[in-house]
Amino acid sequence: ISVKGKEPKKLSLSSVFLTLANLSRGYRSTGYSRTFPQLAQEPLLRHTHHTKTRQARTLQHISMSVSVKAPVAAAFADYFGLGSLSPLLPFFVLDKVDNLDTVGFILSAQYGGVIIGSTLAGMFSDKIGRRNTLLISLTGDVIFFTLTGFVESITAMVIVRTLAGICTPLAASIAWLLDAAGDDMGMRAKNQGLFGMCSVAGFMSGAALGGFMGYSLFTMVNCFCGAFAFFALCLTIAGKEPDRPNSDSKPEGRAAIIKSAGFLSLALCYFVVGLQFTGVTTLIAIVLPERYGYVEWQIAVMMMLVTFVHFFLMVFLKQLTTRFGTVNLIMASFLISIIGQILFLFEFSYESDIFVNFLFLLCTFVLPLGMTGANILAPGVADAHGKNARGMTIGMLRTVFNVGQAAGPAYGVSLYNIDNPINRGAYFMLAQTVFMVIVLVALWSVWKLPQNDKVASGSWEERKINGREEKEKKEVEMSELDRSI
């Protein structure tokens, strides 16, 4: 059967029968008519479309099964090691000295190591590859997580946890997941949601294991942490690193990336999220016992509720970003946290501790959505201002987050201890509200809603022109597809 202006097409017997079936049903009810050659062509078009769809789904399944297991396992293992140590570290310190302030010193040392490790991991992942960087980081996690269970002094604990922080695999894991998604914003959101779920699950299960086994099995708990890191290391050895743009080129554009408006807006977002993360969790541990007489298990239940909500948000991250847009979602999470902080200013007038817990939950909404949203946007900034610099960009942003994370507890406690006429947590909430408003203004001015959120490069006029050209290109492609059908 031939179509005017095209080479004759050979149809299979099944296609001919399908065409005759279409003719027998009739097409008058659709409101337009089609010629016999057009009807004859439809089975071929449908067959080609379904074949390409099956091939794309197969390739996507292969990519997910091969390229994503190693980085998400690394994220789970890293947060498992952090979570398992949290309930046991105070008992370790009390076993050696009488001053619990040493707990904060050990945690600060670990966060200091993470600040260094995030930058190094991001830079090395661009130079030697994501897989090789993960191999080095996870090897360090296996060694230092296991050694944590055998240290006998505070000094040795500080050294070991600092080295464990330097070996953080998170920056390389995020860069790996972003490379696996390519330029597909939906796949980026899906991979980052998976990263967030594994991080939350790792911390929750680690804290549960540490609390259940207790300090008497301190060595065994940390050996479990080393075993999980070793499992992630094996997956990394067996895994294949996804292709990344300009992988053969030397990393370039670090200065241009740092100076870009897109990077500065995301760095500010990361820093405020880091402050909010540890600052709010510190206030939860102070306000609830002081104001409502909570004991340890009640605080633990509240923390579990927070992490469960974060896990739930990560499950639907792809759907949320597809429905509302990445920038819109980040800004909405900041607005929700701002509402919770403003309502918290009247905390002492609330008799219900359940409502105060709900306000704390609102204040933490920015944590998963703000951080993963910034991860989704970061590759666009790196590609716009540099070459082969995604890992370096993610590493620098994680470093900024870790600085805020390390400063959060001292920042929150210092503001909490200032007497004020409202309530003792007011200054922290007011300061964070101001910071979040600044972030909202920065995100709005740089990414210019409702402009697409693929990249924040150049001036607003340049981005508007690029967006218009992309829209026209899509319209041309759609019209060509319509003509072919």
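This report concerns the structure included in the present document.

**A few points about helix H10 (residues 218-238)**
An α-helix turns once per 3.6 residues; consequently, residues spaced three or four apart project the same way. End to end, H10 covers 31 Å across 21 residues, agreeing with the expected 30 Å (1.5 Å per residue, within 8%). Turning to H10, its buried residues number three or more, namely Phe218, Val221, Asn222, Cys225, Gly226, Ala229, Ala232, Leu233 and Thr236. Angular distribution of buried residues about the axis of H10 spans 140°; they occupy a single face of the element. Packing partners of the buried residues in H10 comprise helix H3 (69-85), helix H4 (89-96), helix H6 (130-148), helix H7 (154-166), helix H8 (170-181) and helix H9 (185-213).

**Things to note about empty space enclosed by the protein**
Gaps left between atoms are located by rolling a probe of water-molecule size over the structure's atoms. One pass over the full model with this rule turns up two cavities of 30 Å³ or more. In this structure, the largest cavity occupies an estimated 210 Å³ of space. Residue lining of the largest cavity: 17 residues in total, with Asp78, Leu82, Gln110, Val114 and Leu170 positioned closest to the centre. Of all the secondary structure elements, the ones that give two or more residues to the lining of the largest cavity are H3, helix H5 (101-128), H7 and helix H18 (390-416). Counted by class, the lining of the largest cavity contains eight nonpolar, six polar and three charged residues. Size it by volume and the second largest cavity reaches roughly 40 Å³. Around the second largest cavity, the lining residues are Arg130, Asp179, Arg244, Pro245, Asp383, Asn388, Ala389 and Arg390. The class makeup of the residues in the lining of the second largest cavity is two nonpolar, one polar and five charged.

Parameters at a glance
Residues numbered from 1 in each chain as written. Predicted model: local features only at pLDDT ≥ 70, side-chain atom pairs only at ≥ 80, totals over all residues. Heavy atoms only, no water. Helix = DSSP H or I, 4+ residues; strand = E, 2+ residues; numbered from the N terminus. Expected span 1.5 Å × (residues − 1). Buried < 20%, exposed > 50% of the residue type's maximum accessible area, 1.4 Å probe, protein only. Arc of directions from axis to C-beta. Contact = heavy atoms within 4.5 Å. 1 Å grid on protein atoms, 1.4 Å probe; cavity = no way out; pocket = protein on both sides within 12 Å on 5 of 7 lines; lining within 4 Å. Points joined across faces, edges and corners; volume = space filled by probe spheres on them. Nonpolar A, V, L, I, M, F, W, Y, C, P; charged D, E, K, R; others polar.

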